[in-house]
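Close look at the chain arrangement
Each chain is listed here by its residues.
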Amino acid sequence: MTNHKAALLDAIRAGDRVTIANRFGQMRTGRAVMRGPAGWVLNMGGKHGTPDIATEHNIVAAHAASARRIRELIEDEGWTPAEARTLAKEGF
């Protein structure tokens, strides 16, 4: 496992959007639900919430949940809640 992928897996929190590549190279995105022994369990969507696993071998990207971004902007950067929500919506 490469260091940047290990760091990426450790940085994921429940609710984050995680993109993985399947064995055919197709990219799929789902929401992190919980950490398991094999990696992060993802809800890939669909009628019944199709599960998948994000491991160090298939993870491509992770994006923090919007609420976490807003909280970080307020606490770390000193933004007002309204400014932080606006920045989070724009994808700052």
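Our subject in this report is the structure included herewith. This one's a predicted model, so the numbers in the text were calculated from it and none came from an experiment. (Residues numbered from 1 in each chain as written. Predicted model: local features only at pLDDT ≥ 70, side-chain atom pairs only at ≥ 80, totals over all residues. Heavy atoms only, no water.)

1. A few points about the nonpolar core
Core analysis: the biggest nonpolar cluster contains ten residues, these being Leu-9, Ile-12, Val-18, Ile-20, Ala-32, Trp-40, Leu-42, Met-44, Ala-54 and Ile-59. Mapped by element, the contributors of at least two residues to this core are strand 1 (17–21) and strand 3 (40–43). Setting aside anything within four residues of it in sequence, one finds Ala-32 in contact with Ile-12, Arg-13, Ala-14, Gly-15, Asp-16, Val-18, Trp-40, Val-41 and Leu-42. (Core = buried A, V, L, I, M, F, W, Y, C linked by side-chain atoms within 4.5 Å. Buried < 20%, exposed > 50% of the residue type's maximum accessible area, 1.4 Å probe, protein only. Helix = DSSP H or I, 4+ residues; strand = E, 2+ residues; numbered from the N terminus. Contact = heavy atoms within 4.5 Å.)

2. Details of the pattern of salt bridges
Across all of its chains, the model carries two salt bridges by this definition. Across the salt bridge formed by Arg-35 and Asp-10, the nearest N and O atoms sit 3.5 Å from each other. Here Asp-10 lies in helix 1 (residues 3–11) and Arg-35 lies in strand 2 (residues 27–35), a separation of 25 residues in the sequence. For Asp-10, a relative accessible area of 47% gives the class partly exposed. (Salt bridge = Lys/Arg side-chain N within 4 Å of Asp/Glu carboxyl O.)

3. Brief notes about the sheet that holds strand 2
An order of 4-3-2-1-5 is seen for the five strands of this open sheet, with the pairing classed as antiparallel. Single-partner strands in this sheet number two, and they are strand 4 (51–54) and strand 5 (59–63). The mean inter-strand angle of the sheet, taken between neighbouring strand axes irrespective of direction, is 40°. Here four bridges tie strand 2 to strand 3, and the two strands are oriented antiparallel to one another. Paired with Ala-32 across the two strands is Leu-42, which belongs to strand 3. In the packing of helix 1 onto the sheet, contacts are made with strand 2, strand 3, strand 4 and strand 5, and the angle to strand 5 comes to roughly 40°. (Pairing = 2+ DSSP bridges. Axes fitted to C-alpha atoms, helices over the stretch in contact; angles between N-to-C directions.)

4. Section: the environment of Leu-42
Within the element layout of this structure, Leu-42 appears in strand 3. Separated by twelve residues in sequence, Leu-42 and Gly-30 have C-alpha atoms that sit 5.5 Å apart. If near-sequence neighbours (up to four positions away) are discounted, Leu-42 is found in contact with Val-18, Ile-20, Arg-31, Ala-32, Val-33, Thr-50, Pro-51, Asp-52 and Ala-54.

5. Some points on the environment of Ala-11
Along the chain, Ala-11 turns up in helix 1. In this structure Ala-11 comes out as partly exposed when scored by relative accessible area, which is 40%. For the pair formed by Ala-11 and His-63, sequence separation is 52 residues and the distance between their alpha carbons is 9.7 Å. Beyond its immediate sequence surroundings of up to four residues, Ala-11 is in contact with Asp-16 and Arg-68.

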